[in-house]
Amino acid sequence: ILERRDQMNHQKIQTEFHKKIKEAFEVFDHESNNTVDVREVGTIIRSLGCCPSEGELHDLIAEVEEEEPTGYIRFEKFLPVMTEVLLERRYRPIPEDILLRAFEVLDPAKRGFLSKDELIKYMTEEGEPFSQEEMEEMLSAAIDPESNSILYKDYITMMVIDEN
């Protein structure tokens, strides 16, 4: 009986994921032909609460692309891969306390902020560097125009996805 109930619960969760994936996909299916531009896949995945790195996103796209890439992703290839990602809870967002510790490492003086120039330096020269587009997007959301700096506690609060 328990096994049957678990199976039914799994089905219910999977059905719910399929619905969410379809809704997110349809937002970008401008031709209503069950395809989306490959450049929209990252946005779709993030809208489903997943936060893959650029490398992980690249691998996911490779998994759902056609043998001969067309620049478009078909829903029937995207659905099973994305369902598996959601069921396995892959690419979860980083918890707020870990983000805060990361910013604090970049702010040894414990000022509570980083200048725009410091932020650009860290995000483009360290680790997996941000692209120009990613940097501009982050700066537009993160930088306080009056002080020309990022008050990182405020930024983290704005950035964190509410899991509930």
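Reading the values: rules and limits
- Residues numbered from 1 in each chain as written.
- Predicted model: local features only at pLDDT ≥ 70, side-chain atom pairs only at ≥ 80, totals over all residues.
- Heavy atoms only, no water.
- Helix = DSSP H or I, 4+ residues; strand = E, 2+ residues; numbered from the N terminus.
- Rg over C-alpha atoms; globule rule 2.2 N^0.38 Å.
- Buried < 20%, exposed > 50% of the residue type's maximum accessible area, 1.4 Å probe, protein only.
- Contact = heavy atoms within 4.5 Å.
- Areas by Shrake-Rupley, 256 points an atom, 1.4 Å probe, with all protein chains shown as cover.
- Lys, Arg positive; Asp, Glu negative; His and termini not counted.
- Charge placed at Lys NZ, Arg CZ, Asp CG, Glu CD.
- UniProt positions renumbered as here; feature names shortened; annotations may be inferred.
- Phe/Tyr/Trp six-rings, centres within 6.5 Å; stacked < 30°, edge-to-face > 60°.
- Core = buried A, V, L, I, M, F, W, Y, C linked by side-chain atoms within 4.5 Å.

Helix and strand counts for the protein come out as eight helices and four strands. Beginning at the N terminus, the succession of helices and strands in the protein can be written as α-β-α-α-β-α-α-β-α-α-β-α. On C-alpha atoms alone, the protein measures out to a radius of gyration of 19 Å, which is more than a quarter above the 15 Å that the 2.2 N^0.38 rule sets for 164 residues. Considering only C-alpha atoms, the protein reaches an extent of 55 × 45 × 25 Å along its principal axes. Counting only residues that meet the buried cut, the protein has 29% of its 164 residues in that class. The long-range fraction of contacts in the protein, counting pairs at least 24 apart against all pairs at least 6 apart in sequence, stands at 60%. Total accessible area on the protein stands at roughly 11200 Å², and carbon and sulfur atoms take up 52% of it. Counting 19 positive and 38 negative side-chain charges, the protein places the averaged centre of each group 7 Å from the other.

Let us look at the UniProt feature "domain: EF-hand" (unreviewed entry) in the protein. Look at the UniProt record and you will see "domain: EF-hand" (unreviewed entry) annotated at residues 16–51 and 94–129. Counting secondary structure, residues 16–51 comes out at 56% helix and 8% strand; the distance between its end C-alpha atoms is 20 Å. With 58% helix and 8% strand, the stretch residues 94–129 has end C-alpha atoms that lie 18 Å from each other.

For the coordinates displayed, the defined rule picks out four aromatic pairs. Ring centres of Phe25 and Phe78 lie 5.5 Å apart, and the angle between their planes is 40°; this geometry places the pair in the tilted category. One end of the pair, Phe25, is in helix α1 (residues 2–28); the other, Phe78, is in helix α4 (residues 75–87), and 53 residues separate them in sequence. You'll find Phe25 and Phe78 in the same group, each marked buried. Seen in terms of ring centroids, Phe103 and Tyr152 are 5.3 Å apart; in terms of plane orientation they differ by 5°. Their pairing is stacked. Residue Phe103 is located in helix α5 (residues 96–106), and its partner Tyr152 is located in helix α8 (residues 152–159); the two are separated by 49 residues in the primary sequence. The class of Phe103 is buried, set by a relative accessible area of 8%. Taken together, Phe25, Phe75 and Phe78 form an aromatic cluster joined through their ring pairs.

To continue, consider the nonpolar core. Ranked by size, the top nonpolar core spans 25 residues in total, and within it Ile21, Val41, Ile44, Ile45, Phe78 and Met82 carry the most contacts. Elements supplying a minimum of two residues to this core: α1, α2 (41–47), α3 (54–64) and α4. Among the elements that make up this core, the one with the highest residue count is α4 (seven residues). Those residues within four positions of Met82 in sequence are excluded, and the remaining contacts are Ile21, Ile45, Leu48 and Cys50. In terms of nonpolar packing, the next biggest core, distinct from the first, is built from 14 residues, Leu114, Ile143, Ile150 and Tyr155 among them.

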